[in-house]
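# A structural walkthrough
Single-letter residue listing:
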Amino acid sequence: AKSIGKNNYHYYTKSMRDAALKRMTLISDLRHAIENEELFIVYQPIVEMHNGYCTKAEALIRWQHPVHGVIGPLEFIPVAEETGLIIDISNWVFSQVCRDVRHWRKTLCPTLQLSINTSPIHYTDPDRCITQWLDTLLETRTPPQAILLEITENLLMDANQSVSTKLFQFRQAGVDIALDDFGTGYSSISYLKKYPTDILKIDKSFVHSMSEVSNDKVLCEAIIVMAKKLGIKVVAEGIETEEQRNILQKMGCEYGQGYLFAKPLKYQDFDALLKRQKQD
Ligand code: C2E
Ligand code: CA
Ligand code: CA
Ligand code: CA
């Protein structure tokens, strides 16, 4: 082991203090982000593999910070979850997405479905989000089938009865449920039995090792076959190359998402994509 000199020690505590300060600043900035309208949503197309047609898109949040520029969700969603700010943020995301999907369904793509990422807290905190979201759907007259809720395994890992009750409530209302990052957890398959699932999203780590002769490829194909038999549609995430797309399409994967098709797009750019697509 290295001996820790006095200077190192000082350096260490200083960097810890800096980190704590940075975190506190982030939290207080984030509190204001909603009211200051600094949050925005980008939409990443999810396309049908056989024709490239976009009928779904994933809503991904961004933060236009007045000083630091655009900040991605990995940098502030965890903090938002720890502090409870995620509740307000998610309610905001939910109503924005409802508004956008209604508009696009009316004008450009009648079957469009937009997906929303959810956090564990949405299901464990009694009545905080679920009821509000169901109310928002009703109040805004958003067709439930226009919304897809993405849940991750770590949400379900320590899930209790209330989580599945709430998922069933959503599903009963007509909202689709997608299992996100499928295959990265410990017991993905058992969740398929326990929870209602309409769509399964194969994690990008599988997709990225697609061109090698690998177990991942075999697992991927097995997942697709299994999903088909269960009547669940499959989205492959993180497709970046033609090769990945071709392999997945041959395996029978219905939908694809990734930089090969499109990056996450700002409202206007996604709007333009739907317009082009309508004219074709
Ligand atoms: P995720 O749900 O797995 O979202 C997919 C991430 O992969 C996005 O990163 C997307 O930009 C990125 N991606 C898309 N195509 C490709 C590709 O071809 N290659 C590679 N390498 N990456 C690709 P992003 O936008 O930074 O989001 C990161 C995570 O933050 C999301 O992972 C999701 O868990 C979370 N997140 C995003 N928006 C929200 C939100 O509104 N609420 C909550 N609770 N979480 C969110
Ligand atoms: Ca997702
Ligand atoms: Ca359904
Ligand atoms: Ca994912």
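Counting restarts for each chain, with residues numbered from 1 along the sequence as it is written. Whichever chain is written first is A, and whichever ligand is written first is 1; the rest continue in order. Restriction of local features to residues with pLDDT of at least 70 applies here, the model being predicted, together with a cutoff of 80 or more for giving and counting side-chain atom pairs; totals for whole chains, interfaces and linings are based on all residues. The basis for the side-chain values is all heavy atoms of the structure; hydrogens and waters are excluded.

Here a donor is an N, O or S atom found within 2.8 Å of the metal, or within 3.2 Å if the metal is Na, K or Ca; sites may look incomplete because water is not among the atoms. Listed as protein donors to the calcium ion (ligand 4) are Asp180 (OD), Asp181 (OD), Glu237 (OE) and Glu237 (OE); their distances from the metal cover 2.2 to 2.5 Å. Between the calcium ion (ligand 4) and the calcium ion (ligand 2), both coordinated by Asp180, there is a metal-metal distance of 3.9 Å. Separated by 57 residues along the polypeptide, Asp180 in strand S6 (residues 176-182) and Glu237 in the loop between strand S8 (233-236) and helix H11 (242-251) bring together distant segments of the chain. Considered together, Asp180 and Glu237 belong to a single accessibility category, that of buried residues. Elements are defined by DSSP. Helices are runs of H or I of four residues or more, strands are runs of E of two residues or more, and each kind is numbered from the N terminus. Buried means the residue's accessible area, taken with a 1.4 Å probe over protein chains only, is under 20% of the maximum for its type, while exposed means over 50%, and partly exposed covers the values in between.

Not every one of the 21 residues close to ligand 1 is listed here, only the nearest: Gln44, Arg62, Lys204, Glu240 and Tyr259. Residues adjacent in sequence count toward polar contacts only when both atoms are side-chain atoms; beyond that, a polar contact is any pair of N or O atoms within 3.5 Å, and within protein one must be able to donate a hydrogen and the other to accept it. Take Lys204: an N or O atom from its side chain is 3.0 Å from an oxygen atom of ligand 1. Between Tyr259 and ligand 1, the recorded distance is 2.9 Å, taken from a backbone N or O atom to an oxygen atom. For ligand 1, whose unbound accessible area comes to 810 Å², protein coverage reaches 84%. Those elements that place two or more of their residues in the shell around ligand 1 are strand S2 (54-65), helix H2 (73-83), S6 and helix H9 (204-208). Nonpolar residues are Ala, Val, Leu, Ile, Met, Phe, Trp, Tyr, Cys and Pro. Charged residues are Asp, Glu, Lys and Arg, and all others, Gly as well, are polar. Its residues placed into classes, the shell around ligand 1 shows 8 nonpolar, 6 polar and 7 charged. The nearness test applies per residue and asks whether one of its heavy atoms lies within 4 Å of the molecule or strand. Each accessible area is a Shrake-Rupley estimate made with a 1.4 Å probe; only the visible protein chains count as cover when residues are assessed.

All of the buried residues in H2 are Phe76, Ile77, Val79 and Ala80. After H2 finishes, the residue Gly84 shows a positive phi value of roughly 85 degrees.

Here we come to the pairing of strand S4 (residues 113-117). Taking burial as the measure, the 5 residues of S4 include 4 buried ones, the bulk of the element. At least two DSSP bridges between two strands are needed for those strands to be called paired. By the bridge criterion, 4 bridges tie S2 to S4 in an arrangement that is parallel. Paired with Ala59 across the bridge in S4 is Ile116. Of the pairings in the sheet, the one linking S4 to strand S5 (residues 147-152) comprises 4 bridges and is parallel in character. Considered in S5, the bridge of Asn117 is made with Glu150.

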